[in-house]
Amino acid sequence: MAGLKLFSTAGGVAEAKPRLAAAEADVQGLVEAHMDAMLGVTFLASEYVIDCIDSGRIDSLGLDENGAPVIVEYKRGTDAGVINQGLFYMAWLMSHKDAFRSLVRDRLGVTAASQILWSAPRLICVAGDFTRYDVHAVREHRRSIDLVRYRYFGSDHFGLETVASVTGNSAKAKRIRRRATGVPPVRAQSGAMAELAAAVDEVLVGLGDGVTRVQRKQYLAYQLLRNFACLIPPQQTKVLVYLKADPTAVDLAPGFTRDVTGLGHHGTGDLEVQLRTERDLERAQDLFRLSYAAA
């Protein structure tokens, strides 16, 4: 289970006693207003009306950092129907791709609409709490589902905590048993950068429970609720990893780390890490853990 992430809504000090929202709409409005910061999702639409026999309204629609469609459903407290409701909307979405593609094109442009990752649609359920049956149900399902518990702390802070997270069609990351150094050996042979990239993959996957991979043509993303690292296909002499760590909080080393804030690159994250050897990978592990913790 991921730790609680607090977001300030007014700049005050969080009180110790958590509470639920007065109404579901309060949670929805707050998350929609800060969806990128809270969920790593670009907001597209609220209360989206679907055209089917049973009708219905999708609470929130968005596009995540990797271009995957995202449905967000909210409940004030504990509601056993939130998962099934979200999956109903997911089925509608996957059979009405043109409607979603048009929405993305209108909000984000033609390029974003042409790069939607249809292989990994996501459902995020934000609620006051979930039952053990909810947690079991998502682990048995083939779709990508995140159960996220919310809490208010006083009037100024709002917290999100991931209760369960499963990945559907994307590769499920498994914990890797590593040697004492924490770094798999890299063989010195042709294709050394491919070997190094494989070692990086093992380290990133092994950072903790719940890490999943999302494969895109230009990069491989590692995420919890949101991305914390992106691995670029190996180049001839180096492997590039982009992290969500704050570059201003890192002692940058020329040829090893670089602040790419505002610079175009594949993947997400403002800290670029350049790896050429196994020793570089050893040096990078603290940065990997820093980015993982931030996610």
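The structure contained in this document is the topic of the report that follows.

Focus: the packing of aromatic side chains
- Applying the stated criterion to the full structure yields 7 aromatic pairs.
- Note on F100 and W118: the rings are 5.8 Å apart at their centroids and 70° apart in plane angle, and the pair reads as edge-to-face. Taken together, the residues span a long stretch of sequence, with F100 in helix 4 (residues 97-108) and W118 in the loop between helix 5 (110-114) and strand 6 (122-127) at a distance of 18 residues.
- Owing to a relative accessible area of 16%, W118 belongs among the buried residues under this scheme.
- Ring geometry for F228 and Y292: centres 5.4 Å apart, planes at 90°, overall edge-to-face. With F228 in strand 11 (residues 227-231) and Y292 in helix 8 (residues 278-294), the pair connects residues that are 64 residues apart, well separated along the chain.
- Exposure remark for Y292: the relative accessible area of 21% places this residue in the partly exposed category.

Quick notes on the sheet that holds strand 12 (residues 239-243)
- Spatially, 6 strands are ordered 9-10-11-12-14-13 in an open sheet, and the strand pairing comes out antiparallel. The open sheet has two edge strands, strand 9 (212-215) and strand 13 (257-259), and neither has a second partner. Direction aside, the axes of adjacent strands within the sheet are offset by 25° on average.
- Running over the sheet, helix 8 touches strand 11, strand 12, strand 13 and strand 14 (271-275) and is turned about 155° from strand 14.

Topic: the nonpolar core
- Within the largest apolar cluster, 33 residues are counted, with the highest numbers of intra-cluster contacts made by L61, I71, I83, F100, V104, I145 and L147.
- Ranked by residue count, the leading element in this core is helix 3 (residues 82-94), at 8 residues.
- Those residues in contact with L147 that sit more than four places away from it in its chain are I83, C125, F130, D134, V135, V138, E161, T162, V163 and A164.
- Core analysis: the second largest hydrophobic core is formed by 29 residues, L196, L204, V250 and L287 among them.

Some remarks on the pairing of strand 14
- Burial runs high along strand 14: 5 of the 5 residues are buried.
- Burial along strand 14 is two-sided: the residues L271, V273 and L275 and E272 and Q274 are all buried.
- Where strand 13 and strand 14 come together, 3 bridges link them in antiparallel fashion. Its bridge partner lying in strand 14, R258 is registered against E272.

Concerning the pattern of salt bridges
- Enumeration according to the criterion identifies 12 salt bridges in this entry.
- Residues D98 and R101 are paired through a salt bridge, measuring 2.6 Å at the closest nitrogen-oxygen approach. Of the two residues, D98 and R101 are both situated in helix 4; the distance of 3 residues between them amounts to about one turn of the helix.
- With a relative accessible area of 26%, R101 lands in the partly exposed category.
- Two residues, D146 and R122, come together in a salt bridge whose shortest N-O distance is 3.0 Å. One end of the pair, D146, is in strand 7 (residues 144-153); the other, R122, is in strand 6, with 24 residues separating them in the sequence.
- Taken together, the shared-partner salt bridges connect D64, R122 and D146 into one network.

Quick notes on helix 4
- Between its first and last C-alpha atoms helix 4 spans 16 Å; for 12 residues at 1.5 Å apiece the expected length is 16 Å, and the two agree.
- Downstream of helix 4 by a residue or two, G109 has a phi angle that is positive, lying close to 105°.

Reading the values: rules and limits
Residues numbered from 1 in each chain as written. Predicted model: local features only at pLDDT ≥ 70, side-chain atom pairs only at ≥ 80, totals over all residues. Heavy atoms only, no water. Phe/Tyr/Trp six-rings, centres within 6.5 Å; stacked < 30°, edge-to-face > 60°. Helix = DSSP H or I, 4+ residues; strand = E, 2+ residues; numbered from the N terminus. Buried < 20%, exposed > 50% of the residue type's maximum accessible area, 1.4 Å probe, protein only. Pairing = 2+ DSSP bridges. Axes fitted to C-alpha atoms, helices over the stretch in contact; angles between N-to-C directions. Contact = heavy atoms within 4.5 Å. Core = buried A, V, L, I, M, F, W, Y, C linked by side-chain atoms within 4.5 Å. Salt bridge = Lys/Arg side-chain N within 4 Å of Asp/Glu carboxyl O. Expected span 1.5 Å × (residues − 1).

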